[in-house]
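Breakdown of the fold
Below, each chain spelled out in residue letters.
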Amino acid sequence: MKRVVVITTGGTIAMKRSPMVGGAVPSLKGEDFLILLPREGVDLVFEEFSNLPSSHLTPVNGLELAHRVESILLMPDMDGVVITHGTDTLEETAYLLDLTLKSSKPVVFTGSMRTATNVGYDGIVNLANAIRVASSAEARDLGVLVVFDEEIHASSAVQKVHTQAQHAFLSPGSGPLGRIDGGRLWLTHHPAQRQHIPCARLEEMVDLIRVVQGADDRLLQHSIDDGVAGIVIEGLGGGRVPPWWLPTIAAAIERRVAVVLASRCSAGSLGDEYGYVGAFHDLRRLGVLMAHNLTGSKARIKLMVALGAARHDGELRGWFPA
Ligand code: ASP
């Protein structure tokens, strides 16, 4: 029989409405999930990592989780790992594990959009599907996956795109890797870009700054003055900033701050053919690192991991190819 470890971290999937608090709070434990799950020939071991909303988790917690998952995956009698997580920052933790884990065994994140006291609770169907994927040989070597509302997504591509709907996760640009239909996995493609960054510690002083029309460079300047190690700029379109940001970006790089460019668009690579000031060519010339096909929040996770792991500048640059 296949063996899967389910690590619980909290989130709506573990929440029930408490009349005392007047809102939903983390409540369900491993044994509660076990009672609700259908028996499907997989031996389950539950382990609690935390019982928190995902807004209370940090990338440092994510790296601790990665190290725990790594040690489970080394056990020869374990076939895969499922992680239940709040949906708000699920894509960030899942991507952190995708970057830092190397095992070919499946690791699958899931959660729910409705609490366990809501009639439409989607936690059990999502968890049952995640267990099905984690125990499947077809899901090996796909990197860390996110299973939600019957779809299977690559953690590098998936994004929470709706605040309330049960179909809250999409992979803009690439689409899901597959579906779970009639209790079976139907994979249609493999994750396009996978990178491994072996990481024992991460750099926490990394800021994310989004470009908006007409914004001045105060936030950028503030980050530099605070002594951050890295800044991710979520730029316009294929990678553009207002012209008045360029001197400040140059000053940051001069002070050895790692500056990474991502796009504020939800999908696509970086690059353009414009010759005007502040377009892609200016940022590349200044030595800005490129995060193609990544959201700003995932580019920040990658820069935190990469800055913690890099032994020299060349290694850092190698993880963000132009
Ligand atoms: N508040 C929740 C969280 O922990 C949202 C969810 O899980 O859907 O992220």
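Heads up: the structure comes first, above all this text.
As a convention, each chain's residues are numbered from 1 in the sequence order in which they are written. Reporting of local features is limited, given that this is a predicted model, to residues whose pLDDT is at least 70; pairs of side-chain atoms are given and counted only at 80 or more, and all residues count toward the totals for whole chains, interfaces and linings. To obtain the side-chain values, all non-hydrogen atoms of the structure were included, while hydrogens and water were left out.

1. So, unusual backbone geometry
- Although it is not a glycine, D141 adopts a positive phi angle of roughly 65 degrees.
- Throughout, exposure labels follow a simple rule: accessible area from a 1.4 Å probe, protein chains only, divided by the maximum for the residue type, with under 20% read as buried, over 50% as exposed, and the rest as partly exposed. Classification of D141 as exposed rests on a relative accessible area of 53%.
- At R256, a position not held by glycine, the phi torsion is positive, near 65 degrees.
- Numbering of helices and strands runs from the N terminus; a helix is a DSSP stretch of H or I covering at least four residues, while a strand is a stretch of E covering at least two. Within the secondary structure, R256 is located in the loop between α6 (246-254) and β15 (258-263).

2. A few points about the side chain of Q159
- With respect to the helices, strands and loops of the structure, Q159 is situated in strand β9 (residues 159-160).
- By relative accessible area, Q159 is classed as buried at 10%.
- Any N or O atom pair separated by 3.5 Å or less is treated as a polar contact, with the protein-specific requirement of one donor-capable and one acceptor-capable atom, and with residues adjacent in sequence counted only for side-chain atom pairs. Here S266 takes part through its backbone oxygen, which lies 2.8 Å from a polar atom of the side chain of Q159.
- A contact between two residues is defined here by any heavy atoms of the two lying within 4.5 Å. When neighbours within four sequence positions are excluded, Q159 is seen to be in contact with E91, A168, F169, L170, P172, S266 and T295.

3. Brief notes about the sheet that holds strand β4 (residues 42-52)
- In this scheme, strands are said to pair when DSSP sees at least two bridges between them. The eight strands are arranged β4-β1-β5-β6-β7-β8-β11-β12 in an open sheet whose pairing can be described as mixed. In this open sheet, the two edge strands, each paired with only one partner strand, are β4 and β12 (184-187). When the angles between neighbouring strand axes are averaged without regard to direction, this sheet yields 25 degrees.
- Sheet analysis places strand β8 (residues 151-154) next to strand β11 (residues 178-181), joined by two bridges and oriented antiparallel. Paired with I152 across the two strands is G178, which belongs to β11.
- A fitted line through C-alpha atoms serves as each axis, taken over the contacting stretch for helices, and the angle formed by two N-to-C directions is quoted from 0 to 180°. The strands touched by helix α2 (residues 59-73) are β1 (2-10), β4, β5 (80-84) and β6 (107-110); relative to β1, the strand with the most contacts, the crossing angle is about 165 degrees.
- Contacting β5, β6 and β7 (144-148), helix α3 (residues 90-100) crosses the sheet at an angle of about 175 degrees to β6.

4. A few points about the nonpolar core
- Ranked by internal contacts, the top residues of the largest apolar core, which has 48 residues, are V69, I83, L97, V107, F109 and F320.
- For this core, the elements supplying multiple residues, two or more each, are β1, α2, β5, α3, β6, β7, β15 and α8 (296-309).
- In terms of residue count, α8 provides more of this core than any other element does, seven residues in total.
- Those residues in contact with I83, other than ones at most four positions away along the chain, are I7, T9, L65, V69, L97, V107, V108, F109 and T110.
- Only buried residues count toward a nonpolar core, which is a set of Ala, Val, Leu, Ile, Met, Phe, Trp, Tyr and Cys residues joined through side-chain atoms within 4.5 Å. In this structure, Y121, L127, A154 and L177 belong to the second largest nonpolar core, which totals 28 residues.

5. Things to note about the sheet that holds strand β16 (residues 289-290)
- With parallel pairing, four strands are arranged side by side in an open sheet as β13-β14-β15-β16. The two strands at the open ends of the sheet, each matched to only one other strand, are β13 (206-210) and β16.
- Relative to β16, β15 runs parallel, the two sharing two bridges. Paired with L261 across the bridge in β16 is M290.
- Lying over the sheet, α8 contacts β13, β14 (230-235) and β15, oriented at roughly 160 degrees with respect to β14.

6. Comments concerning the site of the ligand
- Neighbouring the ligand are G11, T12, P53, S54, G86, T87, D88 and S112.
- S112 places a main-chain nitrogen or oxygen 3.0 Å from an oxygen atom of the ligand.
- Calculation of accessible area relied on Shrake-Rupley with a 1.4 Å probe; when residues are assessed, cover is drawn exclusively from the protein chains displayed. Burial of the ligand by the protein amounts to 86% of the accessible area it has alone, namely 260 Å². Throughout, near means a residue has at least one heavy atom within 4 Å of the molecule or strand.

7. Looking at the environment of V228
- Inspection of the secondary structure puts V228 in the loop between α5 (218-225) and β14.
- Each residue touching V228, except ones within four places of it in the same chain, is listed here: M205, D207, S223 and V257.

8. Looking at the packing of aromatic side chains
- Each aromatic pair joins two rings of Phe, Tyr and Trp (for Trp, the six-membered one) with centres within 6.5 Å, and gets the label stacked for planes under 30 degrees apart, edge-to-face for over 60, and tilted for any other angle. Inspection of every chain in the model, using the stated rule, returns three aromatic pairs.
- For the pair F148 and F169, a centre-to-centre distance of 4.6 Å together with 45 degrees between the ring planes defines the contact as tilted. Here F169 lies in strand β10 (residues 169-170) and F148 lies in strand β7, a separation of 21 residues in the sequence.
- F148 gets classed as buried once you look at its relative accessible area, which sits at 1%.

Nothing here speaks to function; it is all geometry.
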